[in-house]
Amino acid sequence: MRLPDPALVVLVGASGSGKSTWAAERYRPQEVVSSDALRGVVGSGDHDLDASADAFAILEQVVAARLGRGLCTVVDTLGLDAVRRTGWLAAARSAGLPAVAVVLATPDAECRRRNAARDVPVPAPVLAGQLKRMRVAAEELAAEGWDVVVVDGSGAAAEGPPVPHTAASTPERRTSAGVEVVLQVSRFPWGEDPARWLTGLALEADRLGLAGIALMDHLVQIPQVGRAWEPIPEPYVTLGLLAGLDTGLRLGTLVTPLTLRPAGVVAKAVATLDALSGGRAFVGVGAGWWEREHLGFGVPFPSARERLDLLEDGIETMRALWAPGTKAWEGSRVRLPETTCYPRPAADVPIVVGGSGERRTLRIAARLGDGCNLPSDPEVLAAKVAVLRAHCADLGRDPAEVAVTVLDLPVVGHDRDDAWRRVERLRGRTAAATYAARHHAGTAATHAERYEKLAGEGVETVFLALADLSGPEDLERLAPLLA
Ligand code: UTP
Ligand code: MG
């Protein structure tokens, strides 16, 4: 395919995807403006990350000068930063040059293989983050208004040695209806060997094709789930253990009350989790509700209004700390004198807002969330989704940017009889029929049908919590749900 010439050509691809090679085969060296080469000019070499800010400042200047003269300009950077990209696009527009985006769609495994073979490889989690961002790049480009978008997949041909299993090479884990099922673990009957129980559970969840593991974040076991003397581990320490396993599971909390730790400290823990897991972290956040766990640990428990303020400001703080650079943050509600938070997350970490208060919580989710976690009961869900959408409309937010997730607490039996035995064991003083209906007691197949309906309502993720999860072997009963 012949590209317009002269033109602005912006390369988009992970490290090792072959951007510089592609450009060198087609353009004169003077036409290619490369952030790596400029790092070498103003810094100690192509990989001198300390020189990035200077290199990019010069790159912007060179791109603007060349476009201003109507000269062909090939921008050789990762191309994954939408803000920079649309800036160059606007500059091409005002110079009257056509704007071309070239996506180097080289398979992840090939990028990894080439990266590993380099003298100075990019750290694996960083590359994983780039590859994750590449998956949405084509979609983003389509929305930005480029005159031509070229996808070059020729890098696929090369043969390489097998690559180790990481998040980015894991196929999409979704049910046939398209929902992902994340195991929410709230009880920890781990016996004498907690680490073994936890790692066994994660490995089995991974094997069965669950999309991730979410941990409850409480200081004392909550009465809805168990007794106060039953173990409820600190989630970020626990997720750190799971991050070290060779799985493709997403890892996070559902939900972290932003009353327990300052939001910036949560941002730090989550960024570390994301770096350690190669971009598999997510975080659920909420306003906190249980006074007892606060008072017992010497943590203030302010009014509902103040707790919701902590939630809203906390999300803004987390995003500010995860954004590129270390500059001061002057947000709508939050001010920080600097935003120095290293390690950075390996990729964008989704923030799921938990809680369904219609006036404030759902508005915060609509304004700032990547997801909003709601109850799975179909009627309640429909009403809450309507409110969430109305807030989005009011705030001018694209509702597609706020994924709907649900917490589901099913009773799952191997067969009908087993399901009812479980109801008998779990129901306490609640009438059996009431408990069975509330928890949709049935087999995995009946829950699969229900999840299909939820998918039809726009639900993307089901956080599935089993009241009677005893250990790794006990997950097998979910298998038909995931097939
Ligand atoms: P490049 O150096 O072209 O990748 O190729 P890149 O996308 O510009 O990477 P960054 O972002 O600057 O880090 C990476 C390696 O892959 C080989 C090149 O020779 C180089 O060693 N390569 C590239 C191939 O083997 N085949 C190709 O088709 C392209
Ligand atoms: Mg390059």
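That block above? That's the structure.
My aim in this report is to walk through the structure given alongside it, one point at a time. (Residues numbered from 1 in each chain as written. Chains lettered and ligands numbered in written order. Predicted model: local features only at pLDDT ≥ 70, side-chain atom pairs only at ≥ 80, totals over all residues. Heavy atoms only, no water.)

Before going further, it helps to spend a moment on unusual backbone geometry. The omega angle of the peptide bond from aspartate 5 to proline 6 is 5°, so this bond is cis rather than trans. Backbone torsion omega between tyrosine 342 and proline 343 reads 5°, so that peptide bond is classified as cis. Within the element layout of this structure, proline 343 appears in the loop between strand 12 (335–336) and strand 13 (351–354). (Helix = DSSP H or I, 4+ residues; strand = E, 2+ residues; numbered from the N terminus.)

Turning our attention to the site of ligand 1. Every residue near ligand 1 is listed here: Ala14, Ser15, Gly16, Ser17, Gly18, Lys19, Ser20, Thr21, Asp36, Arg114 and Arg118. For ligand 1, an oxygen atom lies 2.4 Å from a polar atom in the side chain of threonine 21. Between ligand 1 and arginine 114, the relevant distance is 3.3 Å, taken from a nitrogen atom to a side-chain nitrogen or oxygen of the residue. When ligand 1 sits alone it has 600 Å² of accessible area, and the protein chains cover 65% of it. With 3 residues, the single largest contributor to the shell around ligand 1 is helix 1 (residues 19–26). Across the shell around ligand 1, the residue classes break down as 1 nonpolar, 6 polar and 4 charged. (Near = heavy atom within 4 Å. Polar contact = N/O pair within 3.5 Å; in protein donor to acceptor, adjacent residues only side chain to side chain. Areas by Shrake-Rupley, 256 points an atom, 1.4 Å probe, with all protein chains shown as cover. Nonpolar A, V, L, I, M, F, W, Y, C, P; charged D, E, K, R; others polar.)

Inspection of the secondary structure puts threonine 326 in the loop between helix 11 (304–322) and strand 11 (329–330). Among the residues examined, threonine 326 registers a relative accessible area of 35% and is labelled partly exposed. Between the alpha carbons of threonine 326 and proline 337 there is a distance of 9.3 Å; along the sequence they are 11 residues apart. (Buried < 20%, exposed > 50% of the residue type's maximum accessible area, 1.4 Å probe, protein only.)

Here we come to the sheet that holds strand 5 (residues 148–152). Across the sheet, 5 strands lie side by side as 2-3-1-4-5; this open sheet has parallel pairing. The sheet is open, and its two edges are formed by strand 2 (32–34) and strand 5, each paired on a single side. Neighbour-to-neighbour, the strand axes of this sheet turn through a mean angle of 20°, independent of strand direction. Where strand 1 (residues 8–12) meets strand 3 (residues 73–76), 3 bridges bridge the pair, whose relative direction is parallel. Residue pairing across strands places leucine 8 opposite threonine 73, the latter belonging to strand 3. Contacts from helix 4 (residues 82–95) reach strand 1, strand 3 and strand 4 (99–104), with the element oriented near 165° to strand 1. (Pairing = 2+ DSSP bridges. Axes fitted to C-alpha atoms, helices over the stretch in contact; angles between N-to-C directions. Contact = heavy atoms within 4.5 Å.)

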